[in-house]
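What follows is the residue order along each chain.
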Amino acid sequence: IGVRLVGSEMCIRDSLRSTWMGVTKMYNEEAGKKGSTMATGFALISIDPEEGTPSTSLGPKMGIEATSLSRTLKAMEEKGLIHRKPNPLDGRGVLIHLTPFGVEMRDFSKKVVIGFDEAVNKAVTPEDLKAFKKVTNTILELINSKKIYV
């Protein structure tokens, strides 16, 4: 991963990018052990295992576009992880439900995420983690309030 330096420091964008690329690669490697992907694991974790989740709320919940979500859901349905049912509260809507295999893979995905969190929590002091979260929240606030590019 190429990293551009400003003075002797990595740009914020490059720090975010290289870290996220590393996390994505790690999650995909773990998911690959069970024939899955990070996107599928994230979707499984986002689906309510008891009530199902409206397909229209899944994309915003995951922060992905409808076309990407459609491809992910189609692949998940083909693998037997989910099934779709009409939403009784919205005649036009669909609820996404997990199959027993989907519940099993959801549990696996949750363990992968928890394992990552535990490893980071062991390696980083609570103060540094608090500072990291504060910085990332500030970045999100700047982006969401459109205060970076006016």
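For the structure itself, consult the block above.
Heads up: these notes are all about the structure in this document. Computed from a predicted structure; not experimentally measured.

Right, let's get into a nonpolar patch on the surface. A cluster of nonpolar residues, Leu140, Leu142, Ile143, Ile148 and Tyr149, forms a patch on the protein surface that exposes about 530 Å² of accessible area. Residue position: Tyr149 is located in the segment after helix H6 (126–144).

The next point concerns the layout of surface pockets. The calculated volume of the largest pocket comes to roughly 1,100 Å³. Lining the largest pocket are 30 residues, with Trp20, Val23, Tyr27, Phe116 and Phe132 positioned closest to its centre. Looking at the lining of the largest pocket, the elements with two or more residues in it are helix H1 (12–32), helix H2 (38–46), helix H5 (100–123) and H6. Here the residues of the lining of the largest pocket sort into 19 nonpolar, seven polar and four charged. The calculated volume of the second largest pocket comes to roughly 160 Å³. Around the second largest pocket, the lining residues are Leu16, Thr136, Asn137, Ile139, Leu140 and Ile143. When residues of the lining of the second largest pocket are assigned to their parent elements, the largest contribution, five residues, is made by H6. Residue composition of the lining of the second largest pocket, grouped by class: four nonpolar, two polar and no charged.

Okay, the pattern of salt bridges next. For side chains of opposite charge, pairing can occur when their charged atoms come near one another. Using the criterion set out here, one finds five salt bridges in the structure. Measuring nitrogen to oxygen at the nearest pair gives 3.2 Å for the salt bridge that ties Lys25 to Glu29. You can see Lys25 and its partner Glu29 sitting in helix H1, four residues apart, about one turn around the helix. Residues Lys74 and Glu78 are paired through a salt bridge, measuring 3.2 Å at the closest nitrogen-oxygen approach. In this pair, Lys74 and Glu78 are both assigned in helix H4 (residues 66–78), four residues apart and thus about one turn of the helix distant.

Conventions and cut-offs
- Residues numbered from 1 in each chain as written.
- Predicted model: local features only at pLDDT ≥ 70, side-chain atom pairs only at ≥ 80, totals over all residues.
- Heavy atoms only, no water.
- Patch = residues over 30% accessible without salt bridge, like charges linked within 9 Å, V, L, I, M, F, W, Y side chains within 5 Å.
- Areas by Shrake-Rupley, 256 points an atom, 1.4 Å probe, with all protein chains shown as cover.
- Salt bridge = Lys/Arg side-chain N within 4 Å of Asp/Glu carboxyl O.
- Helix = DSSP H or I, 4+ residues; strand = E, 2+ residues; numbered from the N terminus.
- 1 Å grid on protein atoms, 1.4 Å probe; cavity = no way out; pocket = protein on both sides within 12 Å on 5 of 7 lines; lining within 4 Å.
- Points joined across faces, edges and corners; volume = space filled by probe spheres on them.
- Nonpolar A, V, L, I, M, F, W, Y, C, P; charged D, E, K, R; others polar.

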